[in-house]
Amino acid sequence: MVAAGKLATYRLPPLPTIGEIIKLFNLRAERQMSQNFLLDLRLTDKIVRKAGNIKNAYVCEVGPGPGGITRSILNAGAEELLVVEKDTRFLPGLQMLAEAAPGRVKIVHGDIMTYKMERAFPKNLKRNWEDDPPNVHVIGNLPFSVSTPLIVKWLESVANRSGPFVYGRTQLTLTFQKEVAERLTACTGSRQRSRLSVMSQYLCTVKSCFDIPGRAFVPKPKVDVGVVHFTPLVQPQISQPFKLVEKVVRSVFNFRRKYCRRGVEILFPEAQRLQLTERMLCSADVNPTLRPTELSIIQFKNLCDAYRTLCDENPELFNYDFREELRMKRKSPKETFAEEESSYEN
Ligand code: SAM
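Residues numbered from 1 in each chain as written. Predicted model: local features only at pLDDT ≥ 70, side-chain atom pairs only at ≥ 80, totals over all residues. Heavy atoms only, no water.

Undergrad: Any chance you could explain the overall build of the protein here in plain terms?
TA: Assigned secondary structure in the protein consists of 14 helices and 9 strands. Its C-alpha atoms give the protein a radius of gyration of 22 Å, near enough to 20 Å, the size a compact globule of 346 residues would have. The principal-axis extents of the C-alpha atoms in the protein amount to approximately 70 × 40 × 30 Å. Taking contacts inside the protein between residues at least 6 apart in sequence as the whole, the part at least 24 apart equals 71%. Entry remark: accessible area of the protein is about 16,500 Å², with carbon and sulfur atoms responsible for 50%. (Helix = DSSP H or I, 4+ residues; strand = E, 2+ residues; numbered from the N terminus. Rg over C-alpha atoms; globule rule 2.2 N^0.38 Å. Contact = heavy atoms within 4.5 Å. Areas by Shrake-Rupley, 256 points an atom, 1.4 Å probe, with all protein chains shown as cover.)

Undergrad: Teacher, can you tell me more about the site of the ligand here?
TA: As a structural note, the neighbourhood of the ligand is formed by 23 residues, with Leu38, Gly63, Glu85, Asp111 and Asn141 the closest of them. Within the side chain of Asp111, a nitrogen or oxygen atom sits 2.8 Å from a nitrogen atom of the ligand. Taking 590 Å² as the accessible area of the ligand by itself, protein coverage stands at 98%. Taken atom by atom, the bulk of the ligand overlaps the largest pocket. When residues of the shell around the ligand are traced back to their parent elements, those giving at least two are strand E1 (37–38) and strand E3 (80–85). Class assignment for the residues of the shell around the ligand results in 11 nonpolar, 7 polar and 5 charged. (Near = heavy atom within 4 Å. Polar contact = N/O pair within 3.5 Å; in protein donor to acceptor, adjacent residues only side chain to side chain. 1 Å grid on protein atoms, 1.4 Å probe; cavity = no way out; pocket = protein on both sides within 12 Å on 5 of 7 lines; lining within 4 Å. Sits in = over half its atoms within 2 Å of the grid points. Nonpolar A, V, L, I, M, F, W, Y, C, P; charged D, E, K, R; others polar.)

Undergrad: Just checking my understanding: could you explain the layout of surface pockets for this structure?
TA: Over the atoms, a rolled probe matching the size of one water molecule traces out where space is still vacant. The computed volume of the largest pocket comes to approximately 520 Å³. As for the largest pocket, its lining consists of 34 residues, of which Gln35, Gly63, Asn141, Leu142 and Pro143 are closest to the centre. Residue assignment for the lining of the largest pocket shows that the elements contributing at least two residues are E1, strand E2 (58–62), helix H4 (68–75), E3 and helix H6 (144–160). Broken down by element, the residue count for the lining of the largest pocket peaks at 3 residues, all from H6. Grouping the constituent residues of the lining of the largest pocket by class yields 18 nonpolar, 11 polar and 5 charged. (Points joined across faces, edges and corners; volume = space filled by probe spheres on them.)

Undergrad: Honestly, the pairing of E2 in this entry has me stumped. Any pointers?
TA: In the case of a regular strand, side chains alternate between the two sheet surfaces. Of all 5 residues making up E2, 5 are buried, and the element is well covered by its neighbours. Side chains of E2 alternate between two faces, with Tyr58, Cys60 and Val62 and Val59 and Glu61 buried alike. Sheet topology places E2 next to E3; 5 bridges connect them, and they run parallel. What sits directly across from Cys60, in E3, is Leu82. The parallel pair E2 and E3, bridged by H4, forms a crossover whose chirality is right-handed. Bridging between E2 and strand E5 (residues 136–140) involves 5 bridges; their strand directions are parallel. (Buried < 20%, exposed > 50% of the residue type's maximum accessible area, 1.4 Å probe, protein only. Pairing = 2+ DSSP bridges. Right-handed = clockwise from strand over helix to strand, strands pointing away.)

Undergrad: Honestly, the packing of helix H3 (residues 41–49) against H4 in this entry has me stumped. Any pointers?
TA: Angle between the axes and distance between the axes are the two parameters that describe a pair of packed helices. As a packed pair, H3 and H4 sit with axes 8 Å apart at the nearest point and diverge in direction by 60°. Viewed along their axes, H3 and H4 adopt a mutual orientation that is oblique. When you trace H3 past H4, the crossing you get is right-handed. Residues Leu41, Thr44, Asp45, Ile47 and Val48 of H3 form the contact with H4, whose participating residues are Gly68, Ile69, Arg71, Ser72 and Ile73. A per-class count over the contact of H3 with H4 returns 5 nonpolar, 3 polar and 2 charged. (Axes fitted to C-alpha atoms, helices over the stretch in contact; angles between N-to-C directions. Parallel < 35°, antiparallel > 145°, perpendicular 65-115°, else oblique. Left-handed = near helix turned anticlockwise from the far one by under 90°.)

Undergrad: In this structure, what is going on with the packing of aromatic side chains? I would like to understand it.
TA: In this description, a pair of aromatic rings is defined by centroid distance and the angle of the planes. Enumeration over the complete set of coordinates arrives at 7 aromatic pairs. Seen from their ring centres, Phe121 and Tyr167 are 5.8 Å apart, and the 65° between their planes marks the pair as edge-to-face. Of this pair, Phe121 sits in the loop between strand E4 (105–109) and E5 while Tyr167 is found in the loop between H6 and strand E6 (171–177), placing the two residues 46 residues apart along the sequence. Like Tyr167, Phe121 is buried. Aromatic side chains Phe176 and Phe230 sit 6.1 Å apart centroid to centroid with 70° between the ring planes, which places their arrangement in the edge-to-face category. Of the two residues, Phe176 sits in strand E6 while Phe230 sits in strand E9 (residues 225–232), which places them 54 residues apart along the sequence. Its relative accessible area of 1% is what places Phe230 among the buried residues. An aromatic cluster of at least three residues, connected via ring pairs, comprises Tyr58, Phe121 and Tyr167. The residue whose ring lies beneath Lys46 is Phe210, and the NZ or CZ to ring-centre distance is 4.3 Å. (Phe/Tyr/Trp six-rings, centres within 6.5 Å; stacked < 30°, edge-to-face > 60°. Lys NZ or Arg CZ within 6 Å of the ring centre and 35° of its normal.)

Undergrad: I'm lost on the packing of helix H11 (residues 273–284) against helix H12 (residues 297–313) in this one. Help?
TA: Here H11 crosses H12 at 130°, and the two axes come no closer than 8 Å. By the criterion of interaxial angle, the relationship of H11 to H12 is oblique. The hand of the H11/H12 crossing is right-handed. Residues Leu276, Arg279, Met280, Leu281, Ser283 and Ala284 of H11 form the contact with H12, whose participating residues are Asn302, Leu303, Ala306, Tyr307, Leu310 and Glu313. The residue inventory of the contact of H11 with H12, partitioned by class, reads 8 nonpolar, 2 polar and 2 charged.

Put into structure tokens, the structure is as follows:
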């Protein structure tokens, strides 16, 4: 009886359906903003369950839109829910939800790429990094154009313990285009192994939760969606600055179908290229004829440590940028550097 009574205080009172909210506030999805809504509350409940037990938790939802996931978070018993939404059209509908859950919802009209989450929640929620994750969660179904740059930014925040991670090892439950979700979780040797796999897995335990077919969204996107859960590791698998790791991983995956030696070479200016590539691969004990997709995180760790040693010997080395050299030589990067992708697609 007591449990049922408690649950009743969390559950929202009867409200218009999400479909009705969309009609009521005329919330037509903006295709150019890649808005795709989830109307089925069983699905939004399922996403929220993948965040773990959020009863009495402090949650930040990114991109609440018409509020499907928002309702599931409130029904799951979150103590406080902060929603960050960029599009003003959704604010009245979110206000209606806030009134249905008095004192539990804070609405921020803003861009999650610039929002400072370090000040969002009470200081007393902070945990030591080595402790269990704090009672703070981030959940969201964002447009694909935002979710990839956002996770890259947040991975850097994990490394620096900033942003959402000032509270400790804050867990994230986010949606991605299915192919991106596969890259994030891809293991060594798999076809989807990429920069994103290494960058996310050296810092976090990354779990693929489930896929959502495109037809579950309104309007239906051309692609399916994957839900991914991240828990920052107590000890990152690579103990070098994020920018250094990013540079090594980007260079190696620059030529994802070639031997990894080819990518290592471009870390060094032409005059020292052969000699330093040899030294780096040798001290990292990495077989130069492995493909980038075949390298484990430990092998990337060894490569980063070896590169760090070389940079410590010659600090100018870290500033060397192969692409800049190409530009100086007035060659078309597209011609000579065909496999390069700056957008984390390789
Ligand atoms: N969460 C809702 C759902 O699942 O039905 C809406 C999902 S829709 C794919 C993405 C939402 O994120 C939209 O409401 C959009 O306005 C919002 N959004 C897009 N970019 C954003 C940004 N940079 N910061 C905050 N919200 C953003």
